[in-house]
Amino acid sequence: MNRKQIMKNWFLQRPMWIFPGLLLAFASCTDFIIEMDPQDQWKVLDSGKIVLHYRPSGFSSSPSPDLDEARTIVRNQNIYYRAIQDSVQVSFEDKVLVYLFNDDEAEKLIGTNTGGHAIPKFNSFYFAYMPNRRPVTDQYHIENPIVGSHELVHVITHRALGYPESKMMSEGYAMWLDGLYGGYHIEDIIRKYRDEEPEKLMDPNQLLTESIDKESVYYPNCGIFTRFLIASYGLEEINRLFTCPADRFKKAFQEVTGESWDSMSRKYDRYLEKL
Amino acid sequence: MFLLAPFFVMGQDLDTTNTAKPRWELSARWMNYRSFSQQKLDIPMKGGYPILQSRTLALEAGYTLVKGKVQHTFRINAGLPASLQADAGTGSNRLLEERGNTHFRSGMNHQLTFPLFQWKGLNGRHGFSSGLLYERRSLVYLSGSQETTRDINFYLGPSLKLRYALSSSWKIKAGFDAHFYLPYLNYGQLTARNSRDEIAFSSDYRGFYYQTIFRLGVSSGILTPNPIELGVLKNDMVGFASRKPSFEATDIVHFKLDRLLHFYLKYRF
């Protein structure tokens, strides 16, 4: 019996060998799902309730914020921090940690170079530094904000009101309080959809079921709808629905506001017509 | 004479692969725990700052039983409740109070293994590992608001054990376990309190986690009549938990991006 036959017999006699072998090969560690890559080269500016981590000058081929920009970001975030609490009527006193990645590394390290995302459990959000954003003045009268209030809203609302189950409420609050998408005011976007692209205008049912998940369509619609809900039914009532699951939302809405979902939907149609 | 004496004592092979006698084991572990934030959400994900970390002592007791070629090992372990610290990225905290943050971890495990191969001094066994893991983590943020998570999780996965006899007294041991935690087989509770100690939010959750455990140790029977094993264990756990059992990360209430490193000392008798 030659060596090849010996090997073949050996494996045939031990078919279970394949089981741990394959698992070792494919699942030998958790790094194929997630790689731990803590970035520690930061300059830190801690002021008020905001701790900004930003890259030092010359860190990469993309520009890093200079000290003046860092101060502006922190000052603006502190303004948003208070404004969000006033708007949502919640108390939140923790510091928020902001990690600002340079443009050329952001896609790889945080998954986007056109925005960011929040991890409320750690009072943190990650954001891409975009020095050449579209000039705009936001609803807090801040000109050309480098980092808007969207992710800060997620941190504060999720920590103070709870983790929302529906995207409609999570993104709705963030868009309502940020008021901008891609450098445009969300009511301008919705007016344009209403007048020129009505297929992009989403009704409450579509928002609840996320029937259009394209972000540039869903987010502005969510923001305007949340603004309508709060203006029409009161902040306290809508805050109570913040963590309500999508499949129970309609019933809970009626219990909290005393109005049926269908009746509210008709009112929302009229609201959009007058926008 | 005292120093030389152990070298005259023949190391007795007490590994149950060679004996039918049931064996007990006791081990002490120095456990380093680091829990990462989710810096990048889409796969391959990235864990980053802030990091929660703790160090504590854990104890484990085990019992091994052999029936024919089948070997059962039952283990139970618990760590002392550990104080958690946060690192925001530059060694500073900025997230948690200095006191009141705790992490506790306890578990039970059953390893069922069969002979895989025997080649010269190298011996391999393979089989299954299953058990329960209980974790409790309480965070007290700088404002005094809190978040407590408690979960009990069942897992199942393949297990591989390797042993190489360097001599009759010295052995190198290695092992690999992969644990799959299915959302239908575990349960957790999250409670968030504001700084006035009022409940701001509470929710049940079901986790979907994946864990790998690598062990590497050296066992010697020359210093004591029964073997002592010294080693290191790398324990990585990743996954998320939703309100309802789900394999999709759509409604994340809790997550575990944890790296644990244990240094252990084990005594078999």
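Small disclaimer: the values here were computed from a predicted structure and weren't measured. (Residues numbered from 1 in each chain as written. Chains lettered and ligands numbered in written order. Predicted model: local features only at pLDDT ≥ 70, side-chain atom pairs only at ≥ 80, totals over all residues.)

Novice: Sorry, what's going on with the nonpolar core here?
Specialist: Nonpolar side chains tend to gather and get buried jointly when the protein is soluble and globular. Residue and element names in this part refer to chain A. Of all hydrophobic cores here, the largest spans 101 residues; its most connected members are Leu52, Ile84, Val98, Leu100, Phe101, Phe125 and Leu152. Residue contributions to this core reach at least three from each of two domains, namely domain 1 (32-139) and domain 2 (164-275). In contact with Phe101, other than residues within four places in its own chain, are Ala106, Leu109, Ile110, Tyr126, Ala128 and Tyr129. (Core = buried A, V, L, I, M, F, W, Y, C linked by C-beta atoms within 7 Å. Buried ≥ 20, exposed ≤ 12 C-beta atoms within 10 Å, placed from the backbone. Domains from an automatic or database assignment. Contact = placed C-beta atoms within 7 Å.)

Novice: Hey, could you run me through the sheet that holds strand 6 (residues 124-128) of chain A in this one?
Specialist: Think of a sheet as strands paired side by side through backbone hydrogen bonds, with each pair either parallel or antiparallel. Residues and elements named next belong to chain A. Read from one edge of the open sheet, five strands run 2-3-4-6-5, paired in mixed fashion. Either end of the sheet is taken by a strand with one partner, and the two such strands are strand 2 (43-47) and strand 5 (116-119). Each strand of the sheet is rotated relative to its neighbour by a mean of 15°, with strand direction disregarded. Its contacts with the sheet put helix 3 (residues 67-88) on strand 2, strand 3 (50-54) and strand 4 (96-101), and the angle it makes with strand 3 is roughly 145°. (Pairing = 2+ DSSP bridges. Helix = DSSP H or I, 4+ residues; strand = E, 2+ residues; numbered from the N terminus. Axes fitted to C-alpha atoms, helices over the stretch in contact; angles between N-to-C directions.)

Novice: When you look at the packing of helix 5 (residues 150-161) of chain A against helix 6 (residues 167-178) of chain A in this model, what are you seeing that I'm missing?
Specialist: Each pair of packed helices gets described by two things: the angle between the helix axes and the distance between those axes. Residues and elements named next belong to chain A. Interhelical geometry of helix 5 versus helix 6 gives an angle of 130° and a closest axis separation of 8 Å. One element, helix 5, and the other, helix 6, form an angle in the oblique class. As helix 5 packs across helix 6, the resulting crossing turns out to be right-handed. Here helix 5 contributes His150, Val153, His154 and Thr157 to the contact with helix 6, which in turn contributes Ser170, Tyr173, Ala174, Leu177 and Asp178. Its residues assigned to classes, the contact of helix 5 with helix 6 comprises four nonpolar, four polar and one charged. (Parallel < 35°, antiparallel > 145°, perpendicular 65-115°, else oblique. Left-handed = near helix turned anticlockwise from the far one by under 90°. Nonpolar A, V, L, I, M, F, W, Y, C, P; charged D, E, K, R; others polar.)

Novice: Can you walk me through the pairing of strand 3 of chain A in this structure?
Specialist: Walk down a regular strand and you will see the side chains alternate between the two sheet faces. All names here are of chain A. Judged by how many residues are buried, strand 3 sits mostly within the fold: five of five residues are covered. Of the two faces of strand 3, the one holding Ile50, Leu52 and Tyr54 and the one holding Val51 and His53 are both buried throughout. Two strands pair when backbone bridges link them, and strand 2 and strand 3 are joined in this way by five bridges, in the antiparallel orientation. Note on strand 3: the bridge partner recorded for Val44 is His53. Bridge analysis of strand 3 against strand 4 gives five bridges, and the strand direction is parallel. By the bridge assignment for strand 4, Val51 is matched with Leu97.

Novice: Explanation requested: unusual backbone geometry in the structure shown.
Specialist: Peptide bonds are trans in most cases, and residues, glycine excluded, mostly fall at negative phi. Note the cis peptide between Ile43(B) and Pro44(B), where omega equals 0°. Inspection of the secondary structure puts Pro44(B) in the loop between strand 1 (23-40) and strand 2 (45-67). The omega torsion across Tyr49(B) and Pro50(B) is 0°, close enough to zero to call that bond cis. Note on placement: Pro50(B) falls in strand 2. Although it is not a glycine, Asn123(A) sits at a positive phi angle of roughly 50°. Backbone geometry places Glu210(A), a non-glycine residue, at a positive phi of 50°. Topologically, Glu210(A) is positioned in the loop between helix 8 (204-209) and helix 9 (215-233). Here Glu210(A) falls in the partly exposed class, since 16 other C-beta atoms lie within 10 Å of it.

Novice: Help me understand the packing of helix 7 (residues 186-196) of chain A against helix 9 of chain A in this model?
Specialist: Residues and elements named next belong to chain A. Packing of helix 7 against helix 9 brings their axes to within 9 Å, and their N-to-C directions diverge by 110°. With respect to helix 9, the element helix 7 is oriented roughly perpendicular. For the pair formed by helix 7 and helix 9, the contact residues are Ile186, Glu187, Ile189 and Ile190 on the first element and Pro220, Asn221, Gly223 and Ile224 on the second. In terms of residue class, the contact of helix 7 with helix 9 is built from five nonpolar, two polar and one charged.

Novice: Explanation requested: the domain arrangement of chain A in the structure shown.
Specialist: Interface size, as often reported, equals the accessible area lost upon joining of the parts. All names here are of chain A. Each assigned domain of chain A is listed with its residue range as follows: domain 1 (32-139) and domain 2 (164-275). Each of domain 1 and domain 2 was reduced to a C-alpha centroid, and the two centroids are 27 Å apart. Taken together, the nine residues of domain 1 in the interface contact six residues of domain 2. Residues that form the side of domain 1 that touches domain 2 fall into these classes: three nonpolar, three polar and three charged.

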